[in-house]
Amino acid sequence: MEVYVAPGTDPSSPPLTRASLLSLMQEHGLSVTPADQGQPHPSGRCLWTLEFPGSDVRILFQEDEGILVFATIEQSMFNATDVPDRICAALECAGWHTDDENVG
């Protein structure tokens, strides 16, 4: 199952960086482990993967010049956990929104 999450359009919400995201997850009681640091593409974009110990949930972030610009939360359909909901709640506190039409 995948859930897509992106920054909102509110200019007062500060952009998320890797460091601020890790802090945000910790503030919401989520233990997270960077799994793949990603290599920058010539465009300046790269992919960054985070995993959540004890679950099969992971997030794949697209990063553009140090700013996180899009995320895909991935989880097995057969694992009933509240981790994706908790991740979405944390990201919503940072001004991001979930694309409810693309959950599948």
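For the structure, see preceding data.
The model shown is predicted, which means the values in this text are computed figures rather than measured ones.

## Focus on the pattern of salt bridges
Right, on to step 1. One pass over the structure, following the stated rule, counts three salt bridges.
Right, on to step 2. Between Arg18 and Glu63 there is a salt bridge; the shortest N-O distance is 2.5 Å. With Arg18 in helix H1 (residues 18–27) and Glu63 in strand E4 (residues 58–64), this residue pair connects regions lying 45 residues apart in the sequence.
Right, on to step 3. For Arg45, the salt bridge is made with Asp64, and the minimal N-O distance between the two is 3.7 Å.

## Some thoughts on helix H2 (residues 83–93)
Right, on to step 1. Buried residues of H2: Val83, Pro84, Ile87, Cys88, Ala90 and Leu91, and no others. Along the axis of H2, the buried residues cluster in a sector spanning 160°; they form a single face. Among the exposed residues of H2, those oriented more than 90 degrees off its buried face are Asp85 and Cys93.
Right, on to step 2. Its buried side turned inward, H2 meets strand E1 (2–7), H1, E4, strand E5 (67–74) and strand E6 (96–98).
Right, on to step 3. Backbone geometry just after H2 places Gly95 at a positive phi near 90°.

## Considering the nonpolar core
Right, on to step 1. One finds Leu21, Met25, Phe52, Phe61, Ile87, Leu91 and Trp96 to be the most contacted residues of the largest nonpolar core, which totals 24 residues.
Right, on to step 2. If you list the elements that add at least two residues to this core, you get E1, H1, strand E3 (45–51), E4, E5 and H2.
Right, on to step 3. Here this core gets five residues from one element, more than from any other, and that element is H2.
Right, on to step 4. If sequence neighbours within four positions are ignored, Leu21 has contacts with Leu16, Trp48, Leu50, Phe61, Leu68 and Leu91.

## Details of the packing of aromatic side chains
Right, on to step 1. Counting across every chain of the model gives three aromatic pairs.
Right, on to step 2. Seen in terms of ring centroids, Tyr4 and Phe70 are 6.1 Å apart; in terms of plane orientation they differ by 25°. Their pairing is stacked. Highlighted residues: Tyr4 in strand E1 and Phe70 in strand E5, separated in sequence by 66 residues.
Right, on to step 3. Between the aromatic rings of Trp48 and Phe61, the centroid separation amounts to 6.0 Å while the plane-to-plane angle is 40°, which identifies the pairing as tilted. Of this pair, Trp48 sits in strand E3 while Phe61 sits in strand E4, placing them 13 residues apart in sequence.
Right, on to step 4. Its relative accessible area of 1% is what places Trp48 among the buried residues.
Right, on to step 5. Here the aromatic residues Trp48, Phe61 and Trp96 are joined through ring pairs into a cluster of three or more.

Cut-offs and rules
Residues numbered from 1 in each chain as written. Predicted model: local features only at pLDDT ≥ 70, side-chain atom pairs only at ≥ 80, totals over all residues. Heavy atoms only, no water. Salt bridge = Lys/Arg side-chain N within 4 Å of Asp/Glu carboxyl O. Helix = DSSP H or I, 4+ residues; strand = E, 2+ residues; numbered from the N terminus. Buried < 20%, exposed > 50% of the residue type's maximum accessible area, 1.4 Å probe, protein only. Arc of directions from axis to C-beta. Contact = heavy atoms within 4.5 Å. Core = buried A, V, L, I, M, F, W, Y, C linked by side-chain atoms within 4.5 Å. Phe/Tyr/Trp six-rings, centres within 6.5 Å; stacked < 30°, edge-to-face > 60°.

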